[in-house]
Amino acid sequence: MKTLAYLMILCTLCAVFLSGCAKVIPEPTDEAINPGDKIGDFIIITGDDSVFANSEDLPCRKQGEEERYVCESLIGKAINVSMGVYDDQYTGKLDELWSKHTYEMTINNLPVDLQAFGSIDRQHPTVGMMRHWNVVIGAEKPGELIVHSKGIVDGDPFEDTTTYVFVTP
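Here is what the cut-offs are and how they apply
- Residues numbered from 1 in each chain as written.
- Predicted model: local features only at pLDDT ≥ 70, side-chain atom pairs only at ≥ 80, totals over all residues.
- Heavy atoms only, no water.
- Core = buried A, V, L, I, M, F, W, Y, C linked by side-chain atoms within 4.5 Å.
- Buried < 20%, exposed > 50% of the residue type's maximum accessible area, 1.4 Å probe, protein only.
- Helix = DSSP H or I, 4+ residues; strand = E, 2+ residues; numbered from the N terminus.
- Contact = heavy atoms within 4.5 Å.
- Phe/Tyr/Trp six-rings, centres within 6.5 Å; stacked < 30°, edge-to-face > 60°.
- Pairing = 2+ DSSP bridges.
- Lys, Arg positive; Asp, Glu negative; His and termini not counted.
- Salt bridge = Lys/Arg side-chain N within 4 Å of Asp/Glu carboxyl O.
- Polar contact = N/O pair within 3.5 Å; in protein donor to acceptor, adjacent residues only side chain to side chain.

### Overview of the nonpolar core
Line of reasoning, step 1. Counting residues in hydrophobic clusters, the biggest one holds 29 residues, and the most contacted among them are I44, M105, I107, V135 and I137.
Line of reasoning, step 2. Elements with a contribution of two residues or more to this core: strand 2 (42–45), helix 2 (94–100), strand 7 (102–107), helix 3 (114–117), strand 11 (136–139), strand 12 (143–153) and strand 13 (156–167).
Line of reasoning, step 3. Look past the residues within four positions of M105 in its chain and what remains in contact with it is V81, S82, L110, P111, V112, L114, V135, V147, H148 and S149.

In structure tokens form, the structure reads like this:
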């Protein structure tokens with residue numbers, strides 16, 4: 001009986017020791033989300049043009065009467081979830097519009113530190129050069145995240161809530 005008790009204590013100590021050696025990726029708390037943070041099976045990162053996809057590139061459907069959408073993407077596809085700013089008058093004032101705009105974003109009700117992510121420019125086929133906050137979501141498993149954005153660009157307020165659903169190919 002003593003041998004069994006010693007064996008159980010030894011196994012418990014080994015399990016505690018091994019769990020302390022595992023690499024822990026912190027999830028955001030009430031503090032803002034930063035590049036590299038994880039929310040469940042999702043990683044929030046920055047991206048470049050080679051991985052850039054935006055909600056306008058995805059199959060999306062409006063949900064209800066408000067500005068709420070559901071967009072679907074495949075696991076393994078990185079998606080920039082920021083709304084873009086562009087000069088719809090083609091006056092060359094994108095930098096000015098960007099410097100004066102306001103923007104707030106939450107992912108699953110957690111605030112995003114937009115300054116930590118920086119911005120990225122993208123040539124859009126219809127409206128020309130667009131600038132986005134470089135907030136990119138990558139999914140490891142099927143699931144969904146809710147992104148809420150609001151702000152003001154050139155005096156025009158906007159607000160949007162999009163549920164991104166990641167599915168297996």
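Text resumes after the structure shown.
### Focus: the packing of aromatic side chains
Line of reasoning, step 1. Enumeration over the complete set of coordinates arrives at 3 aromatic pairs.
Line of reasoning, step 2. Judged by centre distance (5.4 Å) and plane angle (55°), the rings of F42 and F166 are tilted. Taken together, the residues span a long stretch of sequence, with F42 in strand 2 and F166 in strand 13 at a distance of 124 residues. Per residue, the accessibility class of F42 equals that of F166, and both read buried.
Line of reasoning, step 3. Between the aromatic rings of W98 and W133, the centroid separation amounts to 4.9 Å while the plane-to-plane angle is 45°, which identifies the pairing as tilted. Taken together, the residues span a long stretch of sequence, with W98 in helix 2 and W133 in strand 10 (residues 128–133) at a distance of 35 residues. Of the two residues, W98 and W133, both sit in the buried class.

### Looking at the sheet that holds strand 5 (residues 79–80)
Line of reasoning, step 1. Ordered by their spatial adjacency, 4 strands build an open sheet running 1-2-11-5, and the pairing between neighbours is antiparallel. Either end of the sheet is taken by a strand with one partner, and the two such strands are strand 1 (38–39) and strand 5.

### Notes on unusual backbone geometry
Line of reasoning, step 1. We note that N109 has phi near 70°; this positive angle belongs to a residue other than glycine.
Line of reasoning, step 2. Assignment of secondary structure puts N109 in the loop between strand 7 and strand 8 (110–111).
Line of reasoning, step 3. N109 sits in the exposed class, given a relative accessible area of 70%.

### Considering the environment of K100
Line of reasoning, step 1. Following the sequence through the fold, K100 ends up in helix 2.
Line of reasoning, step 2. When the C-alpha atoms of K100 and V153 are compared, they prove to be 7.4 Å apart, with 53 residues separating the residues in sequence.

### Description of the side chain of D160
Line of reasoning, step 1. With respect to the helices and strands, the residue D160 is situated in strand 13.
Line of reasoning, step 2. Despite being buried, D160 has no salt bridge partner; K62 is the closest side chain of opposite charge, sitting 8.7 Å away.
Line of reasoning, step 3. Separated by 2.8 Å, the side chains of D160 and T162 make a polar contact.

### Re the pairing of strand 7
Line of reasoning, step 1. Burial along strand 7 is one-sided: the residues Y103, M105 and I107 are buried and none of T102, E104 and T106 is.
Line of reasoning, step 2. Judged from the 6 bridges that link them, strand 7 and strand 12 form a sheet pairing that is antiparallel. Along strand 12, the bridge assignment pairs T106 with H148.
Line of reasoning, step 3. Pairing of strand 7 with strand 8, which is carried by 2 bridges, proceeds in the antiparallel orientation. Bridge assignment links T106 to a residue of strand 8, and that residue is P111.

### Regarding the pairing of strand 9 (residues 119–124)
Line of reasoning, step 1. Of the two faces of strand 9, only the one carrying I120, R122 and H124 is buried; S119, D121 and Q123 on the other face are not.
Line of reasoning, step 2. Judged from the 6 bridges that link them, strand 9 and strand 10 form a sheet pairing that is antiparallel. Within strand 10, the position partnered with Q123 by the bridge is M129.
Line of reasoning, step 3. Where strand 9 folds back on strand 10, the antiparallel hairpin that results is connected by 3 residues.

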